[in-house]
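Given next are the chains, with one letter for each unit.
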Amino acid sequence: MTIKLKGEEDLRNMTFVEKVKFYMSLCLGVTALLSVFAFLFLIPFVVDPSITTIMANFDATPVVCTTARHIYAEGLSNCTWASCKEGCTSATPRCHQVYVNYSQIPYEDWEKGGLNVDQINWVVGPVKFFINTEGCGYPPRVNCTEFSRRYGAERDSVVFPCYYSKRYPEDKAVAHFDWNDTVKNLVMAIGIPNVLFGLSIGILSYWYCWPSPYDRHPNILSTTYATFDSDSTRSKKIKLSKPKLTFADDRNNSDSLVNYKIHSLDDEDDDESDSDDIKND
């Protein structure tokens, strides 16, 4: 007797799907792991400075500033703070410390003209002046030599824009500030790693932790069809549904077994009838 399975192509596809699932699981696991490390890396470099900037409440409108004092110091004991540092993770043995005076006059009004430096009322100063809200950065975006050359000149006639902190008005002013850029960096640093981590863990949990439909409903059986040929009987179509009877799968090797439960199509309407047992002579 010969059993010809029309569902053999489905079995090949299932093998391919399992391979795809394995490699996708591997990629998702690596993505989840890298997301954790990326988030931990971004906390001191992006998340914490952005939160500190928001808490400082810098005025988004630049005001008029002028240099009050510039100190160049050497030695770790003298460089307790620096207006500019190329690198944010280590102390610097040489530093520029710039102090500024600032007024409440918007810098835009100064550019329009009509104001003299001698007429400006410097309401606050001297205060510590930083290149940005963190006071540090990495080349080429941050160049401390250029910063000291531009803002280190102690001349009252040199006026430039700066941003002061509303929360610490007598303690801190910065040369560069962008509220939208600060919020965008914070949202991206928190959102992207956490979203990737959540999606990866969610998909993996659904695949490997959530019970399959067969586990939740054991009576549901997948069905395929085959043709039963015998010399003593006419060719007859039967319905196969896993699992029950064992046949040798000649496609791979004689040791590979495929389990089926067999129903005759003539008895398909009777769902509660027992399956016929087919035995090889």
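Observations concerning helix H4 (residues 179-208)
So, point 1. Compared with the 44 Å implied by 1.5 Å per residue over 30 residues, the 44 Å span of H4 between its first and last C-alpha is a close match.
So, point 2. Along H4, the residues classified as buried are Thr 182, Leu 186, Ala 189, Pro 193, Ser 200 and Leu 204.
So, point 3. Among the residues of H4, the N-terminal cap falls to Asp 178, whose side-chain oxygen and the backbone nitrogen of Asn 180 are separated by 3.1 Å.

Things to note about the packing of aromatic side chains
So, point 1. Tallying each qualifying case throughout the model produces 12 aromatic pairs.
So, point 2. Between Phe 22 and Tyr 23, the aromatic rings sit 5.3 Å apart at their centres with planes inclined by 70°, giving edge-to-face as the arrangement.
So, point 3. Residue classification places Phe 22 among the exposed positions, given a relative accessible area of 51%.
So, point 4. Three or more aromatic residues link up through ring pairs in this structure, and these residues are Phe 129, Phe 147, Tyr 151 and Phe 160.
So, point 5. A cation sits over an aromatic face here: Lys 21 above Tyr 208, 5.1 Å from the ring centre.
So, point 6. Its end group placed over the ring of Tyr 99, Arg 69 keeps NZ or CZ at 4.3 Å from the ring centre.

What about the nonpolar core?
So, point 1. Residues Val 100, Tyr 102, Phe 129, Phe 147 and Cys 162 are the most contacted members of the largest nonpolar core, which totals 19 residues.
So, point 2. Ignoring anything within four residues of it in the chain, the contact list for Phe 129 reads Trp 81, Ser 83, Val 98, Val 100, Phe 147, Tyr 151, Phe 160, Cys 162, Ala 173, Val 174 and Ala 175.
So, point 3. Judged by nonpolar contacts, the second largest core, of eight residues, contains Ala 56, Phe 58, Val 174 and Phe 177.

Quick look at the side chain of Ser 165
So, point 1. Its location among the elements puts Ser 165 in the loop between strand E7 (160-164) and strand E8 (172-174).
So, point 2. Polar side-chain contacts of Ser 165 include one of 2.6 Å to the backbone oxygen of Ala 56.
So, point 3. A polar atom in the side chain of Ser 165 sits 3.4 Å from the backbone nitrogen of Arg 167.

Remarks on the state of the cysteines
So, point 1. Throughout the structure, instances matching the rule amount to four disulfides.
So, point 2. Disulfide partner of Cys 84: Cys 144, at an S-S distance of 2.1 Å. On the sign convention where negative means left-handed, the S-S torsion of about -85° between Cys 84 and Cys 144 marks this disulfide as left-handed. Placement of the pair is Cys 84 in the loop between strand E2 (63-74) and strand E3 (85-86) and Cys 144 in helix H3 (residues 144-151), with a sequence separation of 60 residues.
So, point 3. Relative accessible area serves as the criterion here: at 6%, Cys 84 is assigned to the buried category.

Description of the confidence of the model for the protein
So, point 1. Across the protein, the average pLDDT comes to 75, with 68% of residues at or above 70.
So, point 2. Between residues 1-7, whose pLDDT stays under 50, and residues either more than four places distant or in other chains, the model counts 24 contacts.
So, point 3. Contacts of residues 220-281 to residues separated by more than four positions or lying in other chains number 119 contacts, the stretch itself having pLDDT below 50.

Comments concerning the environment of Pro 93
So, point 1. Within the fold, Pro 93 resides in the loop between E3 and strand E4 (94-106).
So, point 2. With 17 residues separating them along the chain, Pro 93 and Leu 76 place their C-alpha atoms 5.0 Å apart.
So, point 3. Apart from the residues lying within four places of it in its own chain, the contact partners of Pro 93 are Ala 73, Glu 74, Gly 75, Leu 76 and Cys 79.

Each value, and the rule that gives it
- Residues numbered from 1 in each chain as written.
- Predicted model: local features only at pLDDT ≥ 70, side-chain atom pairs only at ≥ 80, totals over all residues.
- Heavy atoms only, no water.
- Helix = DSSP H or I, 4+ residues; strand = E, 2+ residues; numbered from the N terminus.
- Expected span 1.5 Å × (residues − 1).
- Buried < 20%, exposed > 50% of the residue type's maximum accessible area, 1.4 Å probe, protein only.
- Polar contact = N/O pair within 3.5 Å; in protein donor to acceptor, adjacent residues only side chain to side chain.
- Phe/Tyr/Trp six-rings, centres within 6.5 Å; stacked < 30°, edge-to-face > 60°.
- Lys NZ or Arg CZ within 6 Å of the ring centre and 35° of its normal.
- Core = buried A, V, L, I, M, F, W, Y, C linked by side-chain atoms within 4.5 Å.
- Contact = heavy atoms within 4.5 Å.
- Disulfide = S-S within 2.5 Å.
- pLDDT = per-residue confidence, 0-100.

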